[in-house]
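For reference, the chains in residue letters:
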Amino acid sequence: MKITPLRNWASRVSTLALTAAATLVSCASVSHGAPDYDEIGKQFSLVLQNAHFSRERFSMDLYEKFLECYLQSVDPQRLYFTQADVNALRDKYASSFGDYLLAGETRTLATELYAEFSVRALRHINQAEKMLREYSRELPAFDSERTTPRSRRKLPRAANDEELNQAWRDMIDDMVLTEVLRRENVARLAREKGKPDPNADETPVADKLQARIKRLRNEVQEADTEDMVSTLLNAVARTYDPHSDYMGAREEQRFKDMIKASIVGIGAQLREDDDGSTRIEGIVKGGPAAKNGQLRLGDRIVAVDTANKGEWTDIMYMSIDKVVDLIRGKKGVAVKLRVLEAESGEQKEIVIVRDEVPMSESLASAKIVDVHKEGQQPYRVGILTLPSFYIDLDSGDVRCASDVKKLLQRMIKEGVKGLVVDLRFNGGGSLEEVRKMVGFFTGAGPVVQVRDSRGHVERLTVSGRQLFRGEVVVITNKLSASASEIFAGAMADYGRAVVVGDESTYGKGTVQIPRSLADYLPYFASREGCGMIKVTVQKFYRINGASTQLKGVVSDIVLPMSTAALQIGEGEQDYAMPYDEIAPAGHYVKNPRIARILPELRKRSAARVAADKDLQYSKWFIDYRRQKIEENKDSLNKVTRAAEDARLRDIQRANNEERKQRYEKMASDDARNLTIYRLTLSDVKSAKLPIASKDDEDKYMEEAEDPEEALEDNVDYPSNLDPILRESLYIVGDMMELP
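Before going into details, it helps to say that this report is about the structure given with it.

What counts, and at which threshold
Residues numbered from 1 in each chain as written. Predicted model: local features only at pLDDT ≥ 70, side-chain atom pairs only at ≥ 80, totals over all residues. Heavy atoms only, no water. Helix = DSSP H or I, 4+ residues; strand = E, 2+ residues; numbered from the N terminus. Buried < 20%, exposed > 50% of the residue type's maximum accessible area, 1.4 Å probe, protein only. Pairing = 2+ DSSP bridges. Contact = heavy atoms within 4.5 Å. Axes fitted to C-alpha atoms, helices over the stretch in contact; angles between N-to-C directions. Core = buried A, V, L, I, M, F, W, Y, C linked by side-chain atoms within 4.5 Å. Parallel < 35°, antiparallel > 145°, perpendicular 65-115°, else oblique. Left-handed = near helix turned anticlockwise from the far one by under 90°. Phe/Tyr/Trp six-rings, centres within 6.5 Å; stacked < 30°, edge-to-face > 60°. Nonpolar A, V, L, I, M, F, W, Y, C, P; charged D, E, K, R; others polar. Salt bridge = Lys/Arg side-chain N within 4 Å of Asp/Glu carboxyl O.

**Re unusual backbone geometry**
A negative phi holds for most residues other than glycine; trans holds for most peptide bonds.
Consideration 1: Of note, Arg55 is a non-glycine position whose phi angle comes to about 55 degrees, a positive value.
Consideration 2: With respect to the secondary-structure elements, Arg55 resides in the loop between helix H2 (37–51) and helix H3 (60–74).
Consideration 3: Judged by relative accessible area, which is 33%, Arg55 ranks as partly exposed.
Consideration 4: Positive phi is not limited to glycine here, since Phe142 has a value of about 55 degrees.
Consideration 5: Following the sequence through the fold, Phe142 ends up in the loop between helix H6 (106–137) and strand S1 (147–148).

Here is the structure:
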């Protein structure tokens, strides 16, 4: 179990929808110096109250929520603070929390609260290290009937230190038992296959876990003022709603990189290693590290000279975010890495000049599939994959709508008559880009409605002619959020697409605008590293008047997807805004055809799903995962856990054995019945589109092999068309066939 006290990953589930007018202003300094966090906190508080959709003023009730939200953010699994601790902190801060910010004492409050957290965190980390030192001499037998919660997030806090200490003992025992069973399973697989055990030379279990706990200690201790203030202000913002937040200078840059689908760095994928170093897990093909040629997969970084000036930073046990911040930087500026070679362990120093690294896997891409089954009319369909609605907020040179238009134009030229738009795991992005994209399929008309805190409703429209007139299926899942929900909802409201996937999407129906806090500081205040506030200013609504807030976009055809069992979505977030409805937008006409043929589409799809063994396996796994989440407990008895693991392995082995023969036949059938062409942004002007291959999926990055995964009998699904995508293609075919 990895505990990350300063990270609130809920905000990363959904890349925020930005209004068309939203721009980011860099913090151009009038005066230089360290960030004035006291003034930043004051202006942040004023902007939040005046700009947020709710317009809620600071109050005693809110102050208490601020504290609760802060404690939840630093202690999400309730492993640091007892209820007695919380009561004491409430007595001390609950009546004055917001007054600190308004009085210009943000830094004081941030450091005091973090000190309260740090003292408790380090005390329990010490306890964990002591336990693991004892286990380094002899591991426990794990023969009791104790259990431990899988998640403590919604459980009552421990009443006292004794209960909390027991929670830590349970957690450490769970970590140890999990690692012991993992090693035994890998060793067994290696023996069965007559291969060497990849873990034979691994450090002892307790020593390995001590290294993880040491990294946790460093994460607690390495927090600087920016981290502390960010954690504090984020807690305040997220009491208003889950998507308003504060971003310090480092987080602001990460946000910009995420939304524009490119970064400036060395082009390497990093992973925290258990020895404290940072391991190279992937190298972007054609990126700076690949061109340099000295950095290898499996190499371990131990120190970084971020400006190549002889000023080294030891990164052992440093959090991965901090390591990434040190390695990223300005284009054309070199960074020096101190590296231990993967094979020899010898130390070397490598200088790499940073450059723009396009994240190709985050850009729009497509395929064209010719389906020519015997006895059926052949048809040509397209697959458009869109991981996010990206935009370069600095220059505007990279825009997903223009990329999608290029892909659609080439598909139309190639005679594509039906299209699958894959929005699985698409967390959103630019509202302006999604507005344009809807118009490609609907032509001129309203796309989405936005309402501000005063009740004023604006209907955002798109002009221009319809670009693609064929049949459309949109795939979504629980992690399709924000702008994805606008697109799926608009396509459904116009009757332009059948939405398939999870029962509903994420359920984020709010609009955030990023505002540089530099614009609000007094004229002579330092603007250095001021960061920005991202504040919810509007709610958006489908053109039929329904909000996507909480309820999301409901699928027309529900398919068994791996995300179905996840307890994730807007409704799972604290302080989520409510669902409501407004009047439908005028001047749009819903095509009634899909509603007319939907019963037949569902009937045909249900028959295929019932006969599809992979989708039935998915249904079984979804039920299993839901049961485990509902039970919320794991046994700490080795025999019990091993038996459960063995049962799952037997099921997986049987599935894999069945799949081998079936996939071989499917691949043979696909070779006869399908022709799949690759269509990336680099292919749109090619005279002839290339035939897609398995290598296309690995084109972006060279990745390190996992020796444990190589021992598994997993088999690849044929033709790089996963079962959900394949069923979606069949549904498009049905739509083309039905009158």
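Let's pick the thread back up.
**Looking at the sheet that holds strand S11 (residues 365–371)**
Consideration 1: Taken in spatial order, the seven strands of this open sheet run S20-S17-S16-S13-S12-S11-S22, and their pairing is mixed. Strands at the two margins of the open sheet, each flanked by one partner only, are strand S20 (557–558) and strand S22 (674–679).
Consideration 2: Two strands pair when backbone bridges link them, and strand S12 (residues 379–385) and strand S13 (residues 418–422) are joined in this way by five bridges, in the parallel orientation. Bridging across to S13, Val381 finds its partner in Gly418.
Consideration 3: Strands S13, strand S16 (471–476) and strand S17 (498–501) of the sheet are contacted by helix H15 (residues 483–493), whose axis makes an angle of about 145 degrees with S16.
Consideration 4: Its contacts with the sheet put helix H18 (residues 638–673) on S11 and S22, and the angle it makes with S22 is roughly 80 degrees.

**Some details on the nonpolar core**
Consideration 1: Among the nonpolar cores identified, the biggest contains 74 residues, and Phe44, Phe97, Ile172 and Val176 are the most heavily contacted of them.
Consideration 2: Here this core gets twelve residues from one element, more than from any other, and that element is H6.
Consideration 3: Not counting residues within four places of it along the chain, the set of residues in contact with Val176 comprises Leu132, Tyr135, Leu139, Phe142, Val205 and Leu209.

**Points about the packing of helix H7 (residues 161–193) against helix H8 (residues 205–221)**
Consideration 1: Where H7 meets H8, the axes come as close as 10 Å, and the angle between the chain directions of the two elements is 130 degrees. On the basis of their axis angle, the class for H7 and H8 is oblique. The element H7 and its partner H8 pack so that their crossing is right-handed. Facing H7, whose interface residues are Ile172, Met175, Val176, Glu179, Val180, Arg182 and Arg183, H8 presents Val205, Lys208, Leu209, Arg212 and Ile213.

**What about the packing of aromatic side chains?**
Consideration 1: Tallied over the full model, the rule gives 15 aromatic pairs.
Consideration 2: Ring centres of Phe58 and Phe66 lie 5.2 Å apart, and the angle between their planes is 70 degrees; on these two criteria the pair is classed as edge-to-face.
Consideration 3: Ring centres 5.8 Å apart and planes at 45 degrees place the aromatic pair Tyr80 and Trp168 in the tilted group. Separated by 88 residues along the polypeptide, Tyr80 in the loop between H3 and helix H4 (83–93) and Trp168 in helix H7 bring together distant segments of the chain. Across the pair, Trp168 and Tyr80 agree in class, each one buried.

**Looking at the packing of H6 against H7**
Consideration 1: Their axes nearest at 10 Å, the elements H6 and H7 cross at an angle of 45 degrees. Considering the angle they form, H6 stands oblique to H7. Classified by chirality, the crossing of H7 by H6 is right-handed. Contact residues: H6 offers Arg123, His124, Gln127, Ala128, Met131, Leu132 and Tyr135, while H7 offers Asp161, Leu164, Asn165, Trp168, Arg169, Ile172, Asp173 and Val176.
Consideration 2: Partitioning the contact of H6 with H7 into residue classes produces eight nonpolar, three polar and four charged.

**Section: the pattern of salt bridges**
Two side chains that carry opposite charge are able to pair once their charged atoms sit near each other.
Consideration 1: Counting across every chain of the model gives 70 salt bridges.
Consideration 2: For Arg380, the salt bridge is made with Asp370, and the minimal N-O distance between the two is 2.5 Å. Of the two residues, Arg380 is situated in strand S12 and Asp370 in strand S11; the sequence distance between them amounts to ten residues.
Consideration 3: Classification of Arg380 as buried rests on a relative accessible area of 18%.
Consideration 4: A residue is classified by how much of its surface remains accessible, and Asp370, at 13% relative accessible area, is buried.
Consideration 5: The shortest N-O distance in the salt bridge between Asp614 and Arg662 comes to 2.7 Å. One end of the pair, Asp614, is in helix H17 (residues 613–631); the other, Arg662, is in helix H18, with 48 residues separating them in the sequence.
Consideration 6: If you follow the salt bridges from partner to partner, you end up with Glu179, Arg182, Arg183, Glu202, Lys208, Arg212, Asp274 and Glu708 in one network.

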